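Structure at a glance
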Amino acid sequence: MTFFLQLVVTGLSLGMMYALIALGFVIIFKCSKAFNIAQGHFVMLGGYLGYTFLVAAALPLWASILASVAVAIVLGLAIERLALRPLLGKPVLAVIMMTIALAGVMEGIVIVIWGGEYKTYHDVLPAVTLQIGGVSIPPESLIGLIVSGLVVAILMLGFRYTKIGLAMRATAEDEQVTRAAGIRATTVYAVAWVIAAVVAVVGGILLGGVSGVAIPLSEIGLKALAVVILGGLDSIGGAIFAGVMLGVLENLAAGYLDPLMPSGGGLAGVFPFLVIMVVLIFKPHGLFGMKRIERI
Amino acid sequence: MSLPSGTYAETYVQDMSLLRTKAHWLWAALLLVALATVPVWASDSTLTLAIIIGITVISVHGLNILTGNCGLISMGHSGFMMVGGYALAIMSARYGVPFLVALPAAGLIAGAVGVLFGLPSLRIKGFYLIMATVSAYFIIHWLMLQFRGFTGGTEGISVPTATIFGMEIRGNVAYFYLIIGIALLATVLAKNILRTRAGRAFVAIRDNDLAAEVMGVNLWTYKLQAFFIGCVFAGIAGALSVQYIGFANVEQFPFINSVWYLGMLIVGGMGRTAGVVFGALAIKLLEQTATKIGPSLAEFTNPQAAVGLSLILPGLAIILFLIFAPHGIYQLWERFRNYYQQWPF
């Protein structure tokens, strides 16, 4: 039972990370119908920025988060304006290949600058270990839980109560009508990219604190796409629910099934992709996604 | 195809042939002679590069039929190559199947696996299909590592030397002729597949699958056919790659290759047979450039710079082509050709 609970708890914090990445993806998709496969690479970049500011420049935590967020804002704006806007109205493949190529370039730049080595800053985040029953909650996952919960709450409130949040919801609903009503769709797209970049970079700093950063961190972005598929491409609640669910399930599968596998398992790496296959075969629009009806 | 004025077809055979004018024949002959004489002047490393480009061309032809013409975007192409590669390795190393039987068999096995993973394509498309094929790659990758008794796990399997009609294929020169020969055959085959009934059905499905279905194109058979054909090409390319290296393991077929294959279609020109060759050449040469100038960059930054650069250069090429020349090198070439064909005007 303790083993089970321990798996669930570590799965929860992994799940919140998934949810954070998926959230960025969903925000961009909802507003601009663009698929951002580079979301995981934003996270990786966040991890390395965190390393640069926290360890290399030895800034305090709040200052380095602020600095990273500033970089993320510039990056989000630049990518939207220079790379994505020329592709408005182009086929799906063009946008997807653009974000994948961006992902490749970002990964390359990270390798050139930071050498792609494993960087860690475990001791920078404050250490609080909670002990509930026999289950110990590691400090990093606790911080991860709290901060990702906070980000999600801020976003939800922002969508509900601010003017730009309203504009974003309107654009998600119907872009043409929104433009006819005098809202600049391009501003909404830019804001969406900035939010996605900021969310990812903050997530990356946390993840870097939890488990260290390395190039494979970008792979977690691919795995998070399973979350998006499971939750539905345009559902923020779905992204969070599916993220947590997938994190827990992945951990449970790895914990219980790996010992049964012929060559040591490694089920955690492939589990999200098995989920994608199953979801796409039985429920292609995800648990909470909007069903599209196609017409000629 | 735009032909110079004064080119008439008197029979259907003439009308349908790929080489219509004397100039076409001349260019084709020149190309063959040029390719045949490459081993005379080229260095060993150039031959290796040419062999790798040849393998890539074969694989991307498959992707071009599947993605460029049928519109079914596959990002698991590297995985299907892996299936073909392992199929050849297992057949020849464990069961002693001769190379000439194992190569087409590897293609067929990869095709069958492709059809299996192509089944969801009947219900989904676009981003969802991309995710299905990405999953296909990672599931294949995982299975290859799991069934260690069969596939050798992380250690991989070594492959015995291939013999064709009693001749052993050894060394870069022999492999160059073998692989460039197959790549030429694959190019002609791919071009001709696209000119058949099935090829036209693929284009109809790409342009609007619902409309195609209403007009009587059977989506079920043609989508799976596209997957089968595309993955047969991939399987053969994977098998050749494994045979050339003499060894099969999963690192030979990294996920990023699937991405670059799609990038080659974009850089070369989506849906164009000639574009495949342009794209494969362009991206592979960029990667080569990265490994050439990487070490000098490494002096300023860090030893991994070459790896980073080999991601940055092709990525930048894809980005620039997407923004400034979405129809790829093929269109640039066609514009240039039209310009000089009609030059005084």
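Residues numbered from 1 in each chain as written. Chains lettered and ligands numbered in written order. Predicted model: local features only at pLDDT ≥ 70, side-chain atom pairs only at ≥ 80, totals over all residues. Heavy atoms only, no water.

**What about the overall build of chain B?**
- A count of helices and strands for chain B gives 16 helices and four strands.
- Taken against the 2.2 N^0.38 rule, which gives 20 Å for 345 residues, the C-alpha radius of gyration of chain B at 21 Å falls within 12% of a compact globule.
- With the C-alpha coordinates of chain B rotated into their principal frame, the extents come out at 65 × 50 × 50 Å.
- When each of the 345 residues of chain B is scored for burial, the buried share is 52%.
- Element-wise, carbon and sulfur atoms account for 68% of the exposed surface of chain B, whose accessible area totals about 15,900 Å².
- Taking the 18 positively charged and 12 negatively charged side chains of chain B as two groups, their mean positions are separated by 7 Å. (Helix = DSSP H or I, 4+ residues; strand = E, 2+ residues; numbered from the N terminus. Rg over C-alpha atoms; globule rule 2.2 N^0.38 Å. Buried < 20%, exposed > 50% of the residue type's maximum accessible area, 1.4 Å probe, protein only. Areas by Shrake-Rupley, 256 points an atom, 1.4 Å probe, with all protein chains shown as cover. Lys, Arg positive; Asp, Glu negative; His and termini not counted. Charge placed at Lys NZ, Arg CZ, Asp CG, Glu CD.)

**Here's the deal with the overall build of chain A**
- Of regular secondary structure, chain A possesses 11 helices and two strands.
- Of all 296 residues assigned to chain A, the portion counted as buried reaches 59%.
- Of all intrachain contacts in chain A linking residues separated by at least 6 positions in sequence, the fraction that spans at least 24 positions is 74%.
- As displayed, chain A has an accessible area near 12,500 Å², and 71% of this comes from carbon and sulfur atoms. (Contact = heavy atoms within 4.5 Å.)

**Considerations on the nonpolar core**
- Core analysis: the largest hydrophobic core is formed by 204 residues, its most contacted members being A:M97, B:M75, B:F127 and B:L240.
- Leaving out residues up to four positions away in the same chain, B:L240 has contacts with B:I55, B:I58, B:F99, B:L103, B:L178, B:I179 and B:I182.
- One finds A:L7, A:M16, A:V244 and A:L252 within the second-largest nonpolar core, a separate group that totals six residues. (Core = buried A, V, L, I, M, F, W, Y, C linked by side-chain atoms within 4.5 Å.)

**Section: the interface of chain A and chain B**
- At the junction of the two partners, chain A supplies 51 residues and chain B supplies 49 residues.
- Roughly 4,100 Å² of surface becomes buried between chain A and chain B when both sides are summed, with 80% attributable to carbon and sulfur atoms.
- Broken down residue by residue, the surface that chain A buries against chain B is led by A:M97, A:V112 and A:M277, which jointly contribute 15%.
- On the surface where chain A and chain B come into contact, there are one residue pair in polar contact (both at pLDDT 80 or more).
- Looking at the side of chain A that touches chain B, the elements that each hand over two or more residues are α3 (61-84), α4 (92-114), α9 (217-231) and α11 (267-282) of chain A.
- Sorting elements by how many residues they give to the side of chain A that touches chain B places α4(A) first, with 18 residues.
- Tallied by class, the residues present in the side of chain A that touches chain B amount to 39 nonpolar, seven polar and five charged. (Buried area = accessible area lost by both parts, 1.4 Å probe. Polar contact = N/O pair within 3.5 Å; in protein donor to acceptor, adjacent residues only side chain to side chain. Nonpolar A, V, L, I, M, F, W, Y, C, P; charged D, E, K, R; others polar.)

**Overview of a nonpolar patch on the surface**
Residues and elements named next belong to chain A.
- A contiguous nonpolar patch, built from M1, F3, F4, L5, Y256, L257 and L260 and spanning about 730 Å² of accessible area, is present on the exposed surface.
- Those elements giving two or more residues to the nonpolar patch turn out to be α1 (2-32) and α10 (236-257).
- Ranked by the residues each element gives to the nonpolar patch, the list is headed by α1, at three residues. (Patch = residues over 30% accessible without salt bridge, like charges linked within 9 Å, V, L, I, M, F, W, Y side chains within 5 Å. Salt bridge = Lys/Arg side-chain N within 4 Å of Asp/Glu carboxyl O.)

**Describing the side chain of B:S74**
Residues and elements named next belong to chain B.
- Within the element layout of this structure, S74 appears in the loop between α4 (44-69) and α5 (77-94).
- In terms of polar contacts, S74 uses its side chain to reach the backbone amide nitrogen of G76, at 3.3 Å.
- Setting aside chain neighbours within four positions, we find S74 in contact with L63, L66, T67, F80, T133 and L262.

**Some thoughts on the pattern of salt bridges**
All names here are of chain B.
- Scanning all chains against the criterion turns up six salt bridges over all chains.
- K223 is the salt-bridge partner of D209, the closest N and O atoms lying 3.7 Å from each other. One end of the pair, D209, is in helix α11 (residues 209-214); the other, K223, is in helix α12 (residues 219-245), and 14 residues separate them in sequence.

**Considerations on the packing of aromatic side chains**
- For the structure shown, the criterion picks out 17 aromatic pairs over all chains.
- For the pair B:Y175 and B:Y244, a centre-to-centre distance of 5.2 Å together with 70° between the ring planes defines the contact as edge-to-face. Taken together, the residues B:Y175 in helix α9 (residues 171-193) and B:Y244 in helix α12 connect sequence positions 69 residues apart.
- Aromatic rings pair up to connect A:F25, A:F29, A:F35, B:F127 and B:Y128 into one cluster. (Phe/Tyr/Trp six-rings, centres within 6.5 Å; stacked < 30°, edge-to-face > 60°.)

**A few points about the packing of helix α6 (residues 99-118) of chain B against α12(B)**
Residue and element names in this part refer to chain B.
- At a minimum axis separation of 7 Å, α6 and α12 run at an interaxial angle of 140°. Looking at the two axes, α6 sits oblique to α12. Relative to α12, the crossing made by α6 is right-handed. Packed against α6, whose contacting residues are F99, L103, A106, G107, L108, A110, G111, A112, G114, V115 and G118, the element α12 presents L224, F227, F228, C231, V232, G235, I236, A239, L240 and Q243 at the interface. (Axes fitted to C-alpha atoms, helices over the stretch in contact; angles between N-to-C directions. Parallel < 35°, antiparallel > 145°, perpendicular 65-115°, else oblique. Left-handed = near helix turned anticlockwise from the far one by under 90°.)

**Some remarks on the side chain of A:S64**
All names here are of chain A.
- Along the chain, S64 falls in helix α3.
- By relative accessible area, S64 is classed as buried at 2%.
- S64 has contacts with F53, L54 and L59, leaving out every residue within four places of it along the chain.

**Some points on the environment of A:V227**
All names here are of chain A.
- Tracing the backbone through its elements, the reader meets V227 in helix α9.
- Residues V227 and V244, 17 residues apart in the sequence, show an inter-C-alpha distance of 8.8 Å.
- Excluding anything up to four places from it in sequence, V227 contacts Y18, A22, A239, A242, G243 and L246.

**Overview of the packing of α5(B) against α12(B)**
Residue and element names in this part refer to chain B.
- Where α5 meets α12, the closest approach of the two axes is 6 Å, and the angle between their N-to-C directions is 55°. On the basis of their axis angle, the class for α5 and α12 is oblique. In the packing of α5 onto α12, the handedness of the crossing is right-handed. Of the residues in α12, those in contact with H77, F80, M81, G84, G85, L88 and A89 of α5 are G230, C231, A234, G235, A237, G238, A239, V242 and Q243.
- Taken together, the residues of the contact of α5 with α12 sort by class into nine nonpolar, seven polar and no charged.

**A word on helix α14 (residues 273-298) of chain B**
Residues and elements named next belong to chain B.
- Its 26 residues place the ends of α14 37 Å apart at the C-alpha level, agreeing with the 38 Å of an ideal helix rising 1.5 Å per residue.
- In the structure, α14 departs most strongly from a straight axis at K292, where the bend amounts to approximately 35° and where the proline P295 lies between one and four residues downstream.
- Along α14, the residues that are buried comprise T273, G275, V276, G279, A280, I283, K284, E287, A290, G294 and A298.
- On its buried side, α14 packs onto α4, α9, α13 (255-268), α15 (305-324) and α16 (328-341). (Expected span 1.5 Å × (residues − 1). Bend = angle between axes of the 7 residues up to and from the residue.)

**Notes on the environment of B:L332**
Residues and elements named next belong to chain B.
- Position of L332 among the secondary structure elements: in helix α16.
- Note: C-alpha distance between L332 and G166 (166 residues apart in sequence) is 46 Å.
- Excluding residues within four positions of it along the chain, L332 makes contact with F321 and A325.

**Some details on the state of the cysteines**
Residue and element names in this part refer to chain B.
- Counted under the stated rule, the structure contains zero disulfides over all chains.
- Unpaired in this structure, C70 has its nearest cysteine sulfur neighbour in C231, at a distance of 12 Å.
- According to the relative accessible area criterion, C70 is buried, its value standing at 1%.
- On the accessibility criterion, C231 (0% relative accessible area) is buried. (Disulfide = S-S within 2.5 Å.)

**Here's the deal with the confidence of the model for chain B**
- The predicted model of chain B averages 88 in pLDDT, with 99% of residues at 70 or higher.
- At the level of individual helices and strands, chain B shows its lowest average pLDDT in helix α8 (residues 148-151) of chain B, which scores 76, and its highest in α12(B), which scores 93. (pLDDT = per-residue confidence, 0-100.)

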